[in-house]
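Spelled out, the chains give:
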Number of protein chains: 2
Amino acid sequence: MLYPTPIAKLIDSFSKLPGIGAKTATRLAFYTISMSDEDVNDFAKNLLAAKRELTYCSVCGRLTDDDPCIICTDETRDRTKILVVEDSKDVSAMEKIQEYRGLYHVLQGLISPMNGVGPDDINLKSLITRLMDSEVDEVIIATNATADGEATSMYISRVLKPAGIKVTRLARGLAVGSDIEYADEVTLLRAIENRTEL
Amino acid sequence: MLYPTPIAKLIDSFSKLPGIGAKTATRLAFYTISMSDEDVNDFAKNLLAAKRELTYCSVCGRLTDDDPCIICTDETRDRTKILVVEDSKDVSAMEKIQEYRGLYHVLQGLISPMNGVGPDDINLKSLITRLMDSEVDEVIIATNATADGEATSMYISRVLKPAGIKVTRLARGLAVGSDIEYADEVTLLRAIENRTEL
């Protein structure tokens with residue numbers, strides 16, 4: 001009886017999203033009612049369309065609306081390099097800097113012994129399949145600098161190196177704009193180990 | 001090209017909600033894709049239903065799916081009291097404490113001279129209409145304890161008092177559980193002015 005049924009149901013839907021508690025869900029639901037009919041219709045349509053039209057690229061595992069995705073089918077890209085990331089958002093972050101012009105491979109997860117996620121639970125086998133009879137000469141590992149990211153990176157390099165493929169990973173060091181005073185010890189250690197000549 | 005079109009559109013829809021920036025919208029959109037078909041369908045359906053089925057009660061101005069709303073038509077409620085609030089969420093907050101059994105009037109806004117909102121821009125005229133030939137003997141003003149809330153409260157009491165209607169407002173004082181040390185000066189002033197005998 002607290003809220004009319006239609007709004008109670010909408011609050012419930014908003015509450016299912018991550019990081020949205022009961023109060024925020026209520027605020028969002030009430031705001032939605034004050035939005036224009038067109039905006040609300042578009043919102044509902046976009047929800048259904050995103051769920052219906054998006055799929056994972058059968059080559060790289062990236063979230064896409066075309067299969068294979070536009071990166072995999074782009075003939076202008078450098079086919080000798082594959083950059084390996086955890087999820088599709090990382091591809092977008094990488095594309096934003098407009099520096100890397102090779103291909104991608106999206107793992108859709110990380111190896112996490114603590115959570116019982118092994119190499120067979122992520123999109124890793126297809127990477128190895130891709131590397132057979134391909135022109136790839138370098139695999140760049142760009143997993144997060146976390147324990148799971150490091151474990152995944154280590155595993156991939158151990159599997160690929162014996163096959164004679166060059167495996168690299170993103171540099172570790174001080175983030176641009178950060179203070180040495182507040183850097184954690186491991187970051188500082190990596191920064192001094194990997195120091196570069198000026 | 002950063003994101004496939006369906007997800008870019010969904011991110012755009014989420015960004016239109018208050019307090020949701022580009023990063024949160026992206027996170028929510030990606031999360032939506034990982035939700036079950038049923039949850040996403042419900043979400044879309046609830047959005048449309050809330051927008052389509054909800055209306056404002058023609059008596060009290062509250063957001064409702066029945067007109068007049070279930071509070072206005074509830075014969076067991078005390079018809080001699082009207083509690084005046086800013087919006088429909090305040091009615092729900094009040095109903096939660098299960099203490100007040102009278103009627104409500106929702107202003108759908110507050111008088112705000114700073115933002116050019118005058119008495120004619122909120123749902124106030126209908127309150128005065130309601131009071132004519134009714135059995136109401138007390139109007140309880142429960143607007144927020146902010147500048148706009150005070151201005152609205154003052155305006156309503158000036159309009160209604162000459163008509164011989166008793167006008168009261170919610171008590172001002174220390175919030176339960178709060179520290180005197182951290183209370184602001186105006187709150188302390190109100191708390192000492194309105195001190196009660198033990």
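This structure is a prediction, so every number in the text was calculated from the model and none was measured. (Residues numbered from 1 in each chain as written. Chains lettered and ligands numbered in written order. Predicted model: local features only at pLDDT ≥ 70, side-chain atom pairs only at ≥ 80, totals over all residues. Heavy atoms only, no water.)

Trainee: Before we go on, may I ask you to explain the sheet that holds strand 4 (residues 102–106) of chain B in this structure?
Mentor: Two strands in a sheet stick together by hydrogen bonds in their backbones, pointing the same way (parallel) or opposite ways (antiparallel). Residue and element names in this part refer to chain B. In spatial order, the strands read 4-3-5-6; together these four strands make up an open sheet with parallel pairing. Of all the strands in the sheet, the pair left with one neighbour each is strand 4 and strand 6 (166–169). Within this sheet the neighbouring strands show an average axis-to-axis angle of 25°, counted without direction. Pairing between strand 3 (residues 78–85) and strand 5 (residues 138–141): four bridges, direction parallel. Following the sheet pairing, K81 is matched in strand 5 by E138. (Pairing = 2+ DSSP bridges. Helix = DSSP H or I, 4+ residues; strand = E, 2+ residues; numbered from the N terminus. Axes fitted to C-alpha atoms, helices over the stretch in contact; angles between N-to-C directions.)

Trainee: Help me out: how do you make sense of the sheet that holds strand 5 (residues 138–141) of chain A in this one?
Mentor: All names here are of chain A. Here we have four strands laid out as an open sheet, ordered 4-3-5-6, and parallel in their pairing. Of all strands in the sheet, those with a lone pairing partner are strand 4 (102–106) and strand 6 (166–169), marking the two edges. The sheet shows a mean angle of 25° between the axes of neighbouring strands, taken without regard to direction. Relative to strand 6, strand 5 runs parallel, the two sharing four bridges. Residue pairing for strand 6: I140 is matched across the bridge by T168.

Trainee: Just to check I follow, could you spell out helix 2 (residues 22–34) of chain A for this structure?
Mentor: A turn of α-helix holds 3.6 residues, and therefore any two residues three or four places apart point the same way. Between its terminal C-alpha atoms helix 2 of chain A stretches 19 Å, which fits the 18 Å expected from 13 residues at 1.5 Å a residue. Here helix 2 of chain A has its buried residues at A25, T26, L28, A29, F30, T32 and I33 of chain A. The inward-facing, buried residues of helix 2 of chain A contact helix 1 (5–15) and helix 3 (37–53) of chain A together with helix 3 (37–53), strand 2 (63–64) and helix 4 (88–96) of chain B. (Expected span 1.5 Å × (residues − 1). Buried < 20%, exposed > 50% of the residue type's maximum accessible area, 1.4 Å probe, protein only. Contact = heavy atoms within 4.5 Å.)

Trainee: Explanation requested: the relation of the copies chain A and chain B in the structure shown.
Mentor: The two chain copies are related to each other by a rotation about an axis together with a translation along it. For the pair chain A and chain B, the superposition axis carries a translation of 0.1 Å, the fit reaches an RMSD of 0.2 Å, and the rotation angle comes to 179°. In symmetry terms, the pair is related by a two-fold rotation axis. For chain A, the residue whose C-alpha comes nearest the rotation axis is A44 of chain A, separated from it by 2.2 Å. Interface overlap between copies: 100% of the residues of chain A at the interface are likewise at the interface in chain B, consistent with a symmetric, same-surface contact. (Least-squares fit on C-alpha atoms with pLDDT ≥ 70 in both.)

Trainee: Explanation requested: the interface of chain A and chain B in the structure shown.
Mentor: By convention, interface size is frequently given as the accessible area that disappears when the constituent parts associate. With 51 residues of chain A at the interface, the matching set in chain B holds 51 residues. Summed over both sides, the interface of chain A with chain B buries roughly 4,800 Å², with 74% coming from carbon and sulfur. The interface formed by chain A and chain B holds four salt bridges in total. Two residues, D37 of chain B and K51 of chain A, come together in a salt bridge whose shortest N-O distance is 4.0 Å. Across the chain A-chain B interface, the total number found is ten residue pairs in polar contact (both at pLDDT 80 or more). Elements supplying a minimum of two residues to the side of chain A that touches chain B: helix 1, helix 2, helix 3, strand 2 (63–64) and helix 4 (88–96) of chain A. (Buried area = accessible area lost by both parts, 1.4 Å probe. Salt bridge = Lys/Arg side-chain N within 4 Å of Asp/Glu carboxyl O. Polar contact = N/O pair within 3.5 Å; in protein donor to acceptor, adjacent residues only side chain to side chain.)

Trainee: Looking at this structure, I do not really get the UniProt feature "zinc finger region: C4-type" in chain A. What am I missing?
Mentor: Under the feature "zinc finger region: C4-type", the UniProt entry names residues 57–72 of chain A. Between the first and last C-alpha atoms of residues 57–72 of chain A the distance is 9 Å; the span itself is 0% helix and 12% strand. (UniProt positions renumbered as here; feature names shortened; annotations may be inferred.)

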